[in-house]
Every structure is written in structure tokens, then in C-alpha cells.
Amino acid sequence: MAKKKITAVIKLQCPAGKATPAPPVGPALGPHGVSAPQFVQQFNDRTKAMEAGLVIPCVITVYSDKTFTFILKTPPASVLIKKACNLQKGSDNATKNKVATISKEKLEEIAKLKMPDINANDIEAAKKIIAGTARSMGVEVER
């Protein structure tokens, strides 16, 4: 079997199980000749087991014959931190306004979940990266 020629790589973030062909999905896929409803159906089928509405990044590879494959990534750290702290959004001024506190256990839980997609050699380095994200959102990290 000959290798297919890759024509585009598209990165999108869609809510798990609730993606629609409306923007941003349709306009991102349309210029490359990919069927947005077909992608949406496959994406929703693969993410229906995840928590509904949780933002899931995916990388879509489009081939010259207009077929595609996609890889699901772990949710962004900021989304996981907001979920862990029951927040709607982060602080408007992270240095002055602290909106919540996250425990070491929850930090480690998020770091373990993000390990496949994070640029860290071990869990301690991953925890530092997640803690930095939390601080930039105005969430204090428990000592």
C-alpha cells in the first residue's frame, strides 16, 4: 500500500460529545475538502465516553484524496484546573486576585492525566508545569 500524501494538518478544540459542523469546525475543514459532518460524527463517537462539554484538542491530518485521520489529545491544563476548583474562569489579575486554591493531590492527578501530551521527563516536572499554569490563572497552589 502506497503512502498517502498529507495536504494539511489542522488543530481544533471541540467539546467532548457535543461538536457541531458550525464554526470553528466547518470553516477549518471546508477549504481542505473534508466533510465536517463526517468528522463531527466520528469525533462525537470517540469522545462520548468522556465528560460531556470538556474541551478536547485534536489534530486532524488531511490527505490528498480528501480522507482524514485524527488524534485526540488530553484536555488543556487550564480546563482541568478550572474543573478541579469548580471555577467558571480564571482571575482577571492573577498577581492580585486569587480565585481558588488547588491541593497537591489534585495537581498530581492533573499532571498524571497530562503526561502523554506534556513536555516533561517525570511527574515532578509535570507538576511544576501544571502549578505554573494554575498560578497564571490566579489559583494558589497548596504548599
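The rules behind the values
Counting restarts for each chain, with residues numbered from 1 along the sequence as it is written. Given that this is a predicted model, residues contribute local features only at a pLDDT of at least 70 and side-chain atom pairs are listed and counted only at 80 or more, while totals for whole chains, interfaces and linings are drawn from all residues. Note: side-chain values were computed over all heavy atoms of the structure, leaving out hydrogens and water. Think of it this way: any DSSP run of H or I at least four residues long counts as a helix, any run of E at least two long counts as a strand, and we number them from the N terminus. Only the contacting stretch of a helix is used when fitting its axis, a line to C-alpha atoms as for every element, and angles between N-to-C directions run 0 to 180 degrees. Crossing chirality is assigned from the near helix's rotation relative to the far helix, an anticlockwise turn below a right angle marking it left-handed and a clockwise turn marking it right-handed. Residues are treated as being in contact if the distance between any of their heavy atoms lies within 4.5 Å. UniProt positions are given in the numbering used here, feature names are shortened, and annotations may be inferred rather than shown by experiment. Two rings from Phe, Tyr or Trp (for Trp, the six-membered ring) form a pair when their centres sit within 6.5 Å of each other. Planes less than 30 degrees apart are called stacked, planes more than 60 degrees apart edge-to-face, and all others tilted. Only protein chains enter the calculation, and the probe is 1.4 Å; a residue is then buried if its accessible area is under 20% of its type maximum, exposed if over 50%, and partly exposed in between. For this analysis, a salt bridge means a side-chain nitrogen from Lys or Arg found within 4 Å of a carboxyl oxygen belonging to Asp or Glu.

Visitor: Would you mind going over unusual backbone geometry with me for this structure?
Guide: Most peptide bonds are trans, and most residues other than glycine sit at a negative phi. Here Lys66, not a glycine, exhibits a phi torsion of approximately 70°, which is positive. The residue Lys66 is located in the loop between strand S2 (55-63) and strand S3 (68-72) in this model.

Visitor: Even after reading the chapter, I still don't get the packing of helix H3 (residues 77-85) against helix H4 (residues 104-114), so can you show me in this structure?
Guide: Two quantities define a packed helix pair, namely the angle between the helix axes and the distance between the axes. Packing of H3 against H4 leaves a shortest axis separation of 11 Å and a crossing angle of 145°. Our pair here, H3 against H4, has a crossing hand that is right-handed. The residues of H4 that touch H3, namely those facing Ala77, Leu80, Ile81 and Ala84, are Lys106, Ile110, Leu113 and Lys114.

Visitor: So what exactly am I meant to see when it comes to the UniProt feature "domain: Large ribosomal subunit protein uL11 C-terminal" (unreviewed entry) in the protein here?
Guide: In this structure's numbering, the residues bearing the UniProt feature "domain: Large ribosomal subunit protein uL11 C-terminal" (unreviewed entry) are residues 73-141. Here residues 73-141 is 49% helix and 9% strand, with 25 Å between the C-alpha atoms at its ends.

Visitor: Mind showing me how you'd approach the packing of aromatic side chains here?
Guide: Ring pairs (aromatic) are described by centroid distance and by the angle formed between their planes. Applying the stated criterion across every chain yields a total of five aromatic pairs. Measuring from ring centre to ring centre gives 5.1 Å for Phe39 and Phe70, while their planes differ by 75°; the resulting arrangement is edge-to-face. In this pair, Phe39 is assigned in helix H2 (residues 36-47) and Phe70 in strand S3, connecting sequence segments 31 residues apart. Classification of Phe39 by relative accessible area gives buried; the value is 0%. With a centroid separation of 6.4 Å and an interplanar angle of 25°, the aromatic rings of Phe68 and Phe70 are classed as stacked. A residue is classified by how much of its surface remains accessible, and Phe68, at 12% relative accessible area, is buried. A relative accessible area of 6% means that Phe70 is categorised as buried. One aromatic cluster in this structure is built from Phe39, Phe43, Phe68 and Phe70.

Visitor: Is there a simple way to think about the pattern of salt bridges in this case?
Guide: If charged atoms from side chains of opposite charge come close, those side chains can pair. The tally for this structure, following the rule as stated, stands at three salt bridges. Across the salt bridge formed by Lys127 and Glu108, the nearest N and O atoms sit 3.7 Å from each other. Taken together, the residues span a long stretch of sequence, with Lys127 in helix H5 (residues 123-136) and Glu108 in helix H4 at a distance of 19 residues. Relative accessible area serves as the criterion here: at 13%, Lys127 is assigned to the buried category. Looking at Glu108, the relative accessible area reads 27%, which means it is partly exposed. Here Glu124 and Lys127 are joined by a salt bridge, their closest N and O atoms 3.4 Å apart. Within this pair, Glu124 and its partner Lys127 are both found in helix H5, separated by three residues, close to a single helical turn. Note on Glu124: relative accessible area 43%, which makes it partly exposed. Connected through salt bridges with shared partners, the residues Glu108, Lys112, Glu124 and Lys127 form a single ionic network.

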